[in-house]
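# Structural overview
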Amino acid sequence: VVINSLSGPLLKQSIKLLAYHGHFVEWGKRDVFDRTALSMFDLRSDCSIHVIDLISLSDKQQDICTDMLEEMVQLFIQKKLKPIEPTVIYEPSQVKEAFLRCNSGQAMGKSVVRLTNSSEPLYVNSKPSTGHLSTDNHAMFPLEVCQQGTVLISGGFGGLGLTMSRWMIEKRGVKHVTLMSRRTLIELEQASNPQYDDWLKLKQISKTYDAHVDVVQVDVTNFDQVHDLIERLSQTSHPVRGIIHSAVVAEDRSLGNLTQEHLARVLAAKVHGAWIFHQVIQLTHASIHFFIMFSSIRNHLLELAAASYNAGNQFLDALAHYRMTELNLPALSVSLPAVSGAGMFHRHRDVLTSLQLTQGFELVPTVAVFELIEHFQANQTMCPCPVIFAVSWQTLYQRRHKLPTFHLSKIVEERHAAMNLSNTSSTSSGINSTIDSNLNQKEVIIERTQTAVSRLLGATNVDRILVDRPLVSQGMDSLAALSLYNWLGQETGIFIPLADLLQGFSIETIATVVHKKLNERHETVSITNGGQDMRTDVVDENEIIPSNTSTYTGTENIICLQRTHVSGSPIRFCIAEKSTNNTYGPSFALFISNIDGQQTEEIPVATYVIQISSMIPLATISTYAQDMITQMRRVQPRGPYQLVAMRNKQEEVIAREMIRQLKDHLVINDVQFLLLDD
Ligand SMILES: NC(=O)c1ccc[n+]([C@@H]2O[C@H](COP(=O)([O-])OP(=O)(O)OC[C@H]3O[C@@H](n4cnc5c(N)ncnc54)[C@H](OP(=O)(O)O)[C@@H]3O)[C@@H](O)[C@H]2O)c1
């Protein structure tokens, strides 16, 4: 007997499981009401199919239902039946989100809407600006965390600490954040501090959202300091309810150069810090809702130079596992990918380039990482040490024999076989092969992508997904973007950066990029009869119409036009005006033609466009330029900078103001400025 509630392709797979004389019991609704067609061939084994509608059953045959219910209650009491995990709890004002989760067809477990009693306030139609919760993930941010508690972050003044604080306040309604740092606030508030801009932004956001951010000079490796801080906060109206352990001392050394002192320094922040938190939480009986530790993808790969860093991360994973499985206490150790927009890798572009080039790792935007952490927090009982990464499976496959565990190489091999990457151009059954047989069929990509997206977003009808509208504005969150990223990679062998998918790409834009790259690949294969590593990825943005609708990534105005895979290569920032209909002015075309010329240069130059609005009021030029500098420094934290702009245009005004501020406020004098003539 197969009892099924899966829909679409999964329904068809379930039917295939039927044995001879089997019974198929369908109690899902979607395929019945969608009039899904089934193949008679799959029903050839003399089987029977029953469609059960529990609602009409309870109407028409009440006795049977009562008996079944009683039997079920007994089975629950005897613990023979168990509730399906996880249970995600929503506020009454979030009914819509609860249904959307159910409807996505992706969610396991239960969505529960909390019943408030009459004395509790009911937050109807909550918006971030009111400070109330705005999303579905109460597993991490219930009211006692957001409104009545403090989130404590070690390494709080680091890249991820600051950006995550900002996100928690802005997007999740958290009201009290305490950042731990070994330095004093005066030291931290120096303009030369690479985190200075992020700190200013956080201060601004906390003011807007009426939140409180405290910076305390506490060393996470000092037991007394941590104990006193948590004890002190427990006597306030907002005790510690969530802990994020983000402190790290990042100093890579190969095994041969490792000394006792170095090892102790690197291990202290991660290992000692985490253990102190663990002890203090128990000693002070702090009722914490989450304890999240930041581990790294790097300790799942063979990295000789990062022995002590990896050891520290292994400890975090082990501690999370121990707390969760042995003590049943909240704990999550998330192995993070290289994060774009903030943090240690963002500051060390050379490490990043080598990670991308040699190990195939892709950057994941901060917001996607935070949402995934939230998702894992809800599932921590099942998996206390999840790993987040976006990877080029092709590159990982090439170095599969160097991977640290046999298990990992096996996963990579299986994945490689499943994705058919070795021969994508001739054997794939996906878009790729269709395109190869007819290179001009961009429509095929659009159609297949539209179907995939509608499935991912749980749309009842494919046509509800509009091909020319940004996917983020049609309900695509970072989890769905990740699935789409994987699907596209699997179907086409082309990986569109997550940041791009989340920054307003429509299906049409995706199809343009995929189609172009497939054509390029096809041409390369036919000319050279063998693939060659491309040193630069140029995306022709003329064909792409980016949208205003974007989620927060910290670099909303910046798009990458040409990236290089050469470590330490210079970056050029071109300032281009975006017109009201979302296309670019003449300067943009000029940049494109210039870039083509640049490709012959010995040292490749990465090119980014800083998009500016068409009519910036004179009074706001200064703040506008300041914001552009902040975003530019997220891509390139330190000078020298190269700016390009059109002469006698608004672009020139913004560029000059940016240069002035770089010099006057940040004491960065090394700025090259190139003016283009019409
Ligand atoms: N960013 C990424 O792409 C990435 C990728 C994988 C994993 N991770 C993990 O994510 C975490 C945060 O990374 P990040 O990029 O935000 O690092 P970061 O920018 O370098 O910040 C780390 C912070 O840790 C603080 N710290 C070090 N020792 C401390 C101590 N004893 N007590 C208190 N604070 C201490 C430092 O602050 P003070 O000097 O002010 O004390 C520093 O600001 C790390 O655990 C890292 O391993 C990050």
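Residues numbered from 1 in each chain as written. Predicted model: local features only at pLDDT ≥ 70, side-chain atom pairs only at ≥ 80, totals over all residues. Heavy atoms only, no water.

Here we come to the overall build of the protein. The helix and strand inventory of the protein stands at 26 helices and 21 strands. Split into buried and exposed, the 678 residues of the protein put 47% on the buried side. Looking at the protein alone, contacts between residues at least 24 apart form 73% of all its contacts between residues at least 6 apart. If you sum the accessible surface of the protein, you get close to 33100 Å²; carbon and sulfur atoms cover 54% of it. (Helix = DSSP H or I, 4+ residues; strand = E, 2+ residues; numbered from the N terminus. Buried < 20%, exposed > 50% of the residue type's maximum accessible area, 1.4 Å probe, protein only. Contact = heavy atoms within 4.5 Å. Areas by Shrake-Rupley, 256 points an atom, 1.4 Å probe, with all protein chains shown as cover.)

Pairing is parallel across the open sheet formed by three strands, whose spatial order is 1-2-3. Looking along the sheet, the strands with just one partner apiece sit at the ends: strand 1 (2–4) and strand 3 (48–51). Mean inter-strand twist for the sheet, computed between neighbouring axes without regard to direction, equals 15°. Pairing between strand 2 (residues 23–26) and strand 3: four bridges, direction parallel. When the bridges of strand 3 are listed, Phe24 appears paired with Ile49. On the sheet, helix 1 (residues 9–16) packs against strand 1 and strand 2 and is oriented at approximately 155° with respect to strand 2. (Pairing = 2+ DSSP bridges. Axes fitted to C-alpha atoms, helices over the stretch in contact; angles between N-to-C directions.)

Another aspect to go through is the packing of aromatic side chains. Applying the stated criterion across every chain, the model contains seven aromatic pairs. A centroid spacing of 5.0 Å and a plane angle of 50° characterise the contact between Phe157 and Trp199, whose relative ring orientation is tilted. You can see Phe157 sitting in the loop between strand 6 (150–154) and helix 7 (159–172) and its partner Trp199 sitting in helix 9 (residues 196–208), a full 42 residues away along the chain. By relative accessible area, which is 3% here, Phe157 ends up buried. Pairing Trp167 with Phe370 gives two aromatic rings, centres 5.4 Å apart and planes at 45°, and the pair type is tilted. Of this pair, Trp167 sits in helix 7 while Phe370 is found in helix 15 (residues 366–378), placing the two residues 203 residues apart along the sequence. Each member of the pair, Trp167 as well as Phe370, carries the same accessibility label: buried. Put simply, the rings of Phe141, Trp167, Phe290 and Phe370 pair up and form one aromatic cluster. Between Arg44 and the ring centre of Phe41, over which it is positioned, the NZ or CZ distance is 4.0 Å. (Phe/Tyr/Trp six-rings, centres within 6.5 Å; stacked < 30°, edge-to-face > 60°. Lys NZ or Arg CZ within 6 Å of the ring centre and 35° of its normal.)

Turning our attention to a negative patch on the surface. A surface patch of negative charge is lined by Asp63, Asp67, Glu70 and Glu71. Note that Glu71 resides in helix 4 (residues 62–77). (Patch = residues over 30% accessible without salt bridge, like charges linked within 9 Å, V, L, I, M, F, W, Y side chains within 5 Å. Salt bridge = Lys/Arg side-chain N within 4 Å of Asp/Glu carboxyl O. Lys, Arg positive; Asp, Glu negative; His and termini not counted. Charge placed at Lys NZ, Arg CZ, Asp CG, Glu CD.)

In this model, the protein carries an average pLDDT of 79, and 80% of its residues clear a pLDDT of 70 or more. Note that pLDDT drops below 50 for residues 124–137; the model gives that stretch 39 contacts with residues more than four away or on any other chain. Confidence over residues 525–553 falls short of pLDDT 50; this stretch has 71 contacts with residues more than four positions distant or in other chains. (pLDDT = per-residue confidence, 0-100.)

Another point: helix 1. The set of residues buried in helix 1 consists of Leu11, Ser14 and Ile15. The buried residues of helix 1 occupy an angular sector of 100° when projected down its axis, which confines them to one face. Close packing links the buried residues of helix 1 with strand 1, strand 2 and helix 2 (30–33). (Arc of directions from axis to C-beta.)

What follows concerns the site of the ligand. The environment of the ligand is formed by 31 residues, the closest being Ser181, Asp219, Lys270, Tyr309 and Met344. Taking Val220, its main chain carries an N or O atom lying 3.0 Å from a nitrogen atom of the ligand. Note that an oxygen atom of the ligand is positioned 2.6 Å from one of the side-chain N or O atoms of Tyr309. Those elements that provide at least two residues to the shell around the ligand are helix 7, helix 11 (260–283), strand 10 (290–296) and helix 13 (344–347). Taken together, the residues of the shell around the ligand sort by class into 16 nonpolar, 10 polar and five charged. (Near = heavy atom within 4 Å. Polar contact = N/O pair within 3.5 Å; in protein donor to acceptor, adjacent residues only side chain to side chain. Nonpolar A, V, L, I, M, F, W, Y, C, P; charged D, E, K, R; others polar.)

Burial of nonpolar side chains together is a common tendency in soluble globular proteins. Grouped together as the largest cluster of nonpolar side chains are 79 residues, with contacts concentrated most on Phe141, Met168, Leu179, Ile373, Leu484, Ile496 and Ile510. Each of domain 3 (128–388) and domain 4 (420–535) gives at least three residues to this core. One finds Tyr624, Val635, Ala655 and Ile659 within the second-largest nonpolar core, a separate group that totals 29 residues. (Core = buried A, V, L, I, M, F, W, Y, C linked by side-chain atoms within 4.5 Å. Domains from an automatic or database assignment.)

The next point concerns unusual backbone geometry. The backbone of Arg35 shows a phi angle near 55°, a positive value even though the residue is not glycine. Within the element layout of this structure, Arg35 appears in the loop between helix 2 and strand 3. A positive phi is found at Asp46, a non-glycine position, where the angle reads about 55°. The exposure class of Asp46 is partly exposed, given its relative accessible area of 43%.

This brings us to the sheet that holds strand 8 (residues 212–217). By way of backbone hydrogen bonds, the strands of a sheet pair with one another, either parallel or antiparallel. If you walk across this open sheet you meet the six strands as 8-7-6-9-10-11, and the pairing is parallel. Each edge of the open sheet carries a strand with a single partner, namely strand 8 and strand 11 (332–336). Neighbour-to-neighbour, the strand axes of this sheet turn through a mean angle of 20°, independent of strand direction. When strand 6 meets strand 7 (residues 176–181), the two strands line up parallel, connected through four bridges. Opposite Leu152, over in strand 7, you have Thr178 as the bridge partner. Each of strand 6, strand 7, strand 8, strand 9 (240–245), strand 10 and strand 11 is contacted by helix 7, which is oriented at about 175° to strand 7, the strand it contacts most.

It is worth spelling out a nonpolar patch on the surface at this point. On the surface, a cluster of nonpolar side chains totalling about 660 Å² of accessible area is made up of Val1, Ile3, Trp27, Ile52, Leu54, Ile64 and Met68. The class of Leu54 is partly exposed, set by a relative accessible area of 42%.

This next bit is on the side chain of Asp317. Structurally, Asp317 can be placed in helix 12 (residues 307–326). Buried charged residue Asp317 carries no salt bridge. Nearest counter-charge: Lys270, at 8.6 Å. Within the structure, Asp317 has its side chain in polar contact with the side chain of Ser295 (distance 3.3 Å). One polar contact links Asp317 to Ser333, side chain to side chain, over a distance of 2.5 Å. Ignoring any residue separated from it by four or fewer positions in sequence, one finds Asp317 in contact with Ser295, Asn299, His300, Ser333, Ser335 and Cys385.

With that out of the way, let us pick up the pattern of salt bridges. Enumeration according to the criterion identifies nine salt bridges in this entry. Arg166 is paired through a salt bridge with Glu170; the nearest N and O atoms lie 3.9 Å apart. Placement of the pair is Arg166 and Glu170 together in helix 7, with a separation of four residues, close to one helical turn. You can call Arg166 buried: its relative accessible area is 8%. Residue Glu652 is joined to Arg656 by a salt bridge in which the shortest nitrogen-to-oxygen separation is 2.9 Å. Taken together, the positions of Glu652 and Arg656, both in helix 26 (residues 650–664) and four residues apart, correspond to about one turn of that helix. On the basis of relative accessible area, Glu652 is assigned to the buried category, the value being 12%. We classify Arg656 as partly exposed; its relative accessible area is 43%. When salt bridges that share partners are traced, they join Glu657, Arg660 and Asp664 into one network.

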